[in-house]
Amino acid sequence: MQEQRKYVRYLSEGKLILKPKDGTFRSISGDLADISPLGIGVYLKEKLTVNTETNFVLIHKYWDTPLVGTGKIKYTLEVKKNETPYFRTGIEFTNITEKEAVPYIIDRIQENIPSSNK
């Protein structure tokens with residue numbers, strides 16, 4: 001099967017809080033798996049429906065303040081992380097308050113990749 005991604009995903013760590021716009025008024029915490037210019041991959045303990053819109057707050061070590069935005073759930077897969085079941089969820093960015101944040105974070109990640117892995 002041919003790769004359909006337009007951008008490289010960079011493995012990264014961070015914390016995320018989602019507030020799905022599905023009428024439930026809940027908050028879901030998760031762990032960042034990766035980031036790209038178009039979106040993020042996260043590990044969640046709850047399954048979200050594809051195409052659900054969500055607000056998010058991302059805490060990342062390479063950005064001083066919480067990054068706030070909205071996104072759309074693009075996929076969700078049940079996986080195991082350290083023998084614990086999670087839902088690997090892809091979120092496409094639809095709006096980010098600080099447009100320069102994601103390119104800045106990706107630049108910092110690239111700077112810290114060992115030269116033998118580039």
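So, how was this worked out
Residues numbered from 1 in each chain as written. Predicted model: local features only at pLDDT ≥ 70, side-chain atom pairs only at ≥ 80, totals over all residues. Heavy atoms only, no water. Helix = DSSP H or I, 4+ residues; strand = E, 2+ residues; numbered from the N terminus. Contact = heavy atoms within 4.5 Å. Core = buried A, V, L, I, M, F, W, Y, C linked by side-chain atoms within 4.5 Å. Buried < 20%, exposed > 50% of the residue type's maximum accessible area, 1.4 Å probe, protein only. Salt bridge = Lys/Arg side-chain N within 4 Å of Asp/Glu carboxyl O. Polar contact = N/O pair within 3.5 Å; in protein donor to acceptor, adjacent residues only side chain to side chain.

Visitor: It is not clear to me how the environment of proline 37 should be interpreted in this structure. Could you clarify?
Guide: With respect to the helices and strands, the residue proline 37 is situated in the loop between β3 (28-36) and β4 (39-44). Linking proline 37 and phenylalanine 93, residues 56 residues apart in sequence, is a C-alpha distance of 8.5 Å. In this structure, proline 37 is in contact with Tyr7, Val8, Phe93, Val102 and Ile106, ignoring residues within four places of it in sequence.

Visitor: Can you walk me through the nonpolar core in this structure?
Guide: Most often, soluble globular proteins keep nonpolar side chains buried together rather than apart. Counting 23 residues, the largest nonpolar core has Leu16, Leu18, Ile35 and Ile40 as the members making the most contacts within it. For this core, the elements supplying multiple residues, two or more each, are β2 (14-20), β3, β4, β5 (53-60), β6 (67-81), β7 (84-96) and α1 (101-111). Examining the composition of this core, we find that five residues originate from one element, α1, more than from any other. In this structure, isoleucine 40 is in contact with Leu16, Leu32, Asp34, Ile35, Thr89, Gly90, Ile91 and Phe93, ignoring residues within four places of it in sequence.

Visitor: Please clarify how the pattern of salt bridges should be interpreted in this entry.
Guide: Oppositely charged side chains can pair when the atoms bearing their charge come close. Evaluated as defined, the whole model comprises seven salt bridges. The partner of glutamate 46 in a salt bridge is arginine 26, with the nearest N and O atoms 2.3 Å apart. Here arginine 26 lies in the loop between β2 and β3 and glutamate 46 lies in the loop between β4 and β5, a separation of 20 residues in the sequence. Here arginine 26 falls in the partly exposed class, since its relative accessible area comes to 25%. Put simply, lysine 74 and glutamate 92 hold a salt bridge, and the shortest N to O gap is 3.9 Å.

Visitor: Got a minute to help me understand the side chain of serine 12 in this structure?
Guide: Position of serine 12 relative to the elements: it lies in the loop between β1 (10-11) and β2. A polar contact is formed between the side chain of serine 12 and the side chain of histidine 60, at a distance of 2.5 Å. Filtering out sequence-adjacent residues up to four positions away, serine 12 remains in contact with Leu32, Ala33, Asp34, Ile35, His60 and Ile109.

Visitor: Just checking my understanding: could you explain unusual backbone geometry for this structure?
Guide: A negative phi holds for most residues other than glycine; trans holds for most peptide bonds. Here the phi dihedral of asparagine 51 falls at roughly 80 degrees; this positive angle occurs in a residue that is not glycine. One can find asparagine 51 in the loop between β4 and β5. The partly exposed category is assigned to asparagine 51, whose relative accessible area is 48%. Located in the positive-phi region is asparagine 82, a residue other than glycine, with phi close to 55 degrees. Here asparagine 82 shows up in the loop between β6 and β7. Residue classification places asparagine 82 among the exposed positions, given a relative accessible area of 70%.

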